[in-house]
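# Tertiary structure, described
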Amino acid sequence: MARTVTTLTRFNMTSLALGLAFLYLPIVILVIYSFNASRLVTVWGGWSLRWYHEFFNDRAMLEAAWMSLSVGAVSATLATLLGTLAAVGLARGERFRGRALFSGMLYSPLVMPEVISGLSLLLLFVALNAERGFWTVTIAHTTLTMCFVTVVVQSRLSALDRSLEEAAMDLGCDPVRAFLLVTLPLIVPAIVAGWMLAFTLSLDDVVIASFTTGPGSATLPIRIYSEVRLGVKPEINAICTLVIALIALIIVVASFASKLSNARGESAAPL
Amino acid sequence: MSARRIFARPARHAAIAPYLWMVLFFLVPFGFVLKISLSQTAIAQPPYTPVFDFTEGRTALAAAFAQLSFDNFRLLLQDNLYILSYLRSLVVAVTSTLILLLIGYPIAYGMARLPQRWQAVAMMLVIVPFWTSFLIRIYAWINILQHDGLLNQMLLALHIVSAPVVWLSTDSAMYLGIVYSYLPFMILPLYATLSKMDAALLEAAGDLGASPLKAFWLVTFPLSLPGVGAGALLCFIPIVGEFVIPDLLAGSNSLMIGQTLWLEFFTNKDWPVASAAAVALLLLLVPPLVLYDRLQRRQLESNR
C-alpha cells in the first residue's frame, strides 16, 4: 500500500491556479456588476439593488422565469423517473435484444448538437399537430436530460456491490422487493444528483427551447438571449446573478447528495 | 449467478418505458428531418409540401417516392454559403479542440498531482462551471470584452493600448468563448485517466535514466491517450454544431453550419433546406459519434 508521494511542481501549481482563475473570474465580475448603481454597465456607481428591483417589476421577464422554473421542475422529474429506469435496465438487464441501440440512443444526445435535436423534435411536434408551448418544451428537455440522469445513476449502480441484492433474494425477496428495499435506498443520492443536474440543464437551454416553444411562451434563457443580442443591460446582470445563486444552492445540495453516494464505491461519471 | 439472472428480467422490463420514449422522441424525429429534407419548399404553414403521407396507403407512397427531391441537397452543394459554413465549422471545431487540449492538459495534470484530499476539491471546482448556465458565462464575457468593458479599461490604464480594441464580433472572442465553455469537458476525462496512473511508472523511468520531460513524453502521455481521445470527442462533436457562442461572440460575415441552419429555419423559414443542412451535419458527425459511443460504453462497462 506504499503510495509514492507525487511531487507538485511549480508548473503544475501555476497552470492549476491560472486555469481556475480563468474559469471563475468572469462570473465573479458579472455578479459584482449586478450590484452596480450606474446605468452604464462599465462605470462603477456604488452598490445598489436597483436592477434587482427592476427585474421584480418586469412582468414579461417574471413570466419567462416562472415558465423556465416549471418546465425545469416537471422535465427534471420525468427525466429522473425515465433515466433511473433506463439505468436499471442497462446496469442490471444483462444482455438483451436492442441493447446497443438503447445505449446508443441514450449516450448520443449528450454530445448531439442542440440545433439538430431542436429541429428534429420540432418537426415531430408539427407532424403530430401538437400545440407548441409548455408541454413541447418539457418533452424536449426530458428527452435530453434523461440521458444525463441515466449516466449518473448507471455509474452508481455499476459501482454497487451486487452481492447485497443477491443476498436479499437468497433470503426470499423477489427481485422487485430486493430492488426497492436494498438497491433503491443505496442509489437515492445519485438519483437526487441526477434530478438537480436535469433541472439546471433545463434552466440553461436556449436552442432546443427556441425550436420547440410556441409564440407567447418564452423561457427565461430565450428572453435573456434576445436581450443579450442587443447588448449588455444591467438588469440582465441581476437576473444572471439570481440564476447563479439558484444553481449554487442546487450544487450544494447535489454535492451533499453525491458525498453520501461516494461514501461507498467510486462514482465514475464526473458529473 | 442465478440470482443475477432472475434480477435481469424485471430490470429489462424497467427499460421498456425509457426505450419507447427515446424511440419516439429521439429516433423517430430524425426520420422527419430526413423526410422534410427531401421535400419541396413552399410558402405555407408549415412551410413545405409533404412528400409522403403514411395514411394514403402503399400506392400513394410509391408515387411519392418517385418524386422525392434531392434539390435541397443539390442546393447545399452548389451554394457557396453552405460549403463555406461547413468548412468553417470543421476548422473552428478542430482548432478549438486543439487549444482546449493544450490548455486542459496542464490543468488536468496539475489536478492529478495534487494531494489526494485536494483532488476532490479541485474536481469540484472544475465541475461547478459546468452546472452554471453557459449562456450566462458567455454573457459574462460580453461584459468584459465590450468596447468600454473591463478588458479595454485595464489595457488603457496600463498603457498597453492607446485606443480601445475591438474584441467583440471577432474570431478571437469566439474561440475564447468556446474554450471557456468546453474546458471542463476536456479536463474531466483527462483527469480521469491521469489520476489513475501509477506514479511508480514515472519513478521507474527516472531510475532508468529518463529526464522528467522525457519520462512524461514516453510514459505519461501515451498512457493518457484514452483520456485525450474522450476529451477531444466530447468537445469536437458539440462544437461542430455550436450556435449560441459564434452567434453572440463572432462576427456575422462567416457563419458556422449551426448558424446557417438557424438562419434558414427562423429567418428564411426554409424548413426543407434547414433539414437538409441538419442531415448533412449529422452525416459528418456519425464517425465521431460512433467512436464516442464505443469509448463511453467501454468506460461504463469496465466499471462494474
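This one's a predicted model, so the numbers in the text were calculated from it and none came from an experiment. (Residues numbered from 1 in each chain as written. Chains lettered and ligands numbered in written order. Predicted model: local features only at pLDDT ≥ 70, side-chain atom pairs only at ≥ 80, totals over all residues.)

## A closer look at the nonpolar core
To be explicit about the condition: One nonpolar core equals one set of buried Ala, Val, Leu, Ile, Met, Phe, Trp, Tyr and Cys residues connected by C-beta atoms within 7 Å. Comment: burial labels come from other C-beta atoms within 10 Å of the residue's own C-beta, placed from the backbone, where a count of 20 or more is buried, 12 or fewer is exposed, and between is partly exposed. Secondary structure counts use DSSP, requiring at least four H or I residues in a row for a helix and at least two E residues in a row for a strand, with both numbered from the N terminus. Start and end positions for the domains come from either an automated domain assignment or a database one. By the convention adopted here, residues are in contact when the distance between their C-beta atoms, placed from the backbone, does not exceed 7 Å.
A:L119, B:A108, B:I138 and B:A277 are the most contacted members of the largest nonpolar core, which totals 170 residues. Tallying contributions element by element places helix 9 (residues 171–195) of chain B first for this core, with 16 residues. For this core, the domains that each give at least three residues are domain 1 (12–48) and domain 2 (58–262) of chain A. The contact partners of B:A277, leaving out residues within four places of it in the chain, are B:L76, B:Y82, B:I257, B:T260, B:L261 and B:E264.

## Regarding helix 5 (residues 114–127) of chain A
Count 3.6 residues to each turn of an α-helix, and residues three or four apart come out pointing the same way. Residues and elements named next belong to chain A. Put simply, the rule reads: To estimate the expected span of a helix, subtract one from its residue number and multiply by 1.5 Å.
In this model helix 5 runs 20 Å from its N-terminal to its C-terminal C-alpha over 14 residues, within 8% of the 20 Å that 1.5 Å per residue would give. With respect to burial, helix 5 is a largely interior element, 12 of its 14 residues being buried. By the burial criterion, the buried members of helix 5 are E114, V115, I116, S117, G118, L119, S120, L121, L122, L123, L124 and F125. Backbone geometry just downstream of helix 5 places N129 in the positive-phi region, at approximately 60°.

## Focus: the interface of chain B and chain A
So the rule is basically this: Amino acid classes used here: Ala, Val, Leu, Ile, Met, Phe, Trp, Tyr, Cys and Pro are nonpolar; Asp, Glu, Lys and Arg are charged; the rest, including Gly, are polar.
Across the boundary between the two partners, chain B contributes 89 residues, which contact 79 residues of chain A. The element best represented in the side of chain B that touches chain A is helix 2 (residues 16–37) of chain B, accounting for 14 residues. Broken down by class, the residue content of the side of chain B that touches chain A amounts to 67 nonpolar, 13 polar and nine charged.

## Points about the confidence of the model for chain B
The predicted coordinates of low-pLDDT regions are not to be read in fine detail. Residue and element names in this part refer to chain B. Let me state the cut-off plainly: The predictor rates its confidence in each residue with pLDDT, a number between 0 and 100.
Averaged over every residue, the pLDDT of chain B is 83; the share at 70 or more is 88%. Element-level mean pLDDT values for chain B span from 58 in helix 3 (residues 57–66) up to 92 in helix 13 (residues 244–249). At the level of chain-chain contacts, confidence expressed as ipTM amounts to 0.86, with global pTM at 0.86.

## Some details on unusual backbone geometry
Located in the positive-phi region is A:E94, a residue other than glycine, with phi close to 55°. Turning to its location among the elements, A:E94 is positioned in the loop between helix 3 (59–92) and helix 4 (99–107). For A:E94, a count of 14 C-beta atoms within 10 Å corresponds to the partly exposed category. For B:S169, which is not glycine, the phi torsion reads 60° and is therefore positive.

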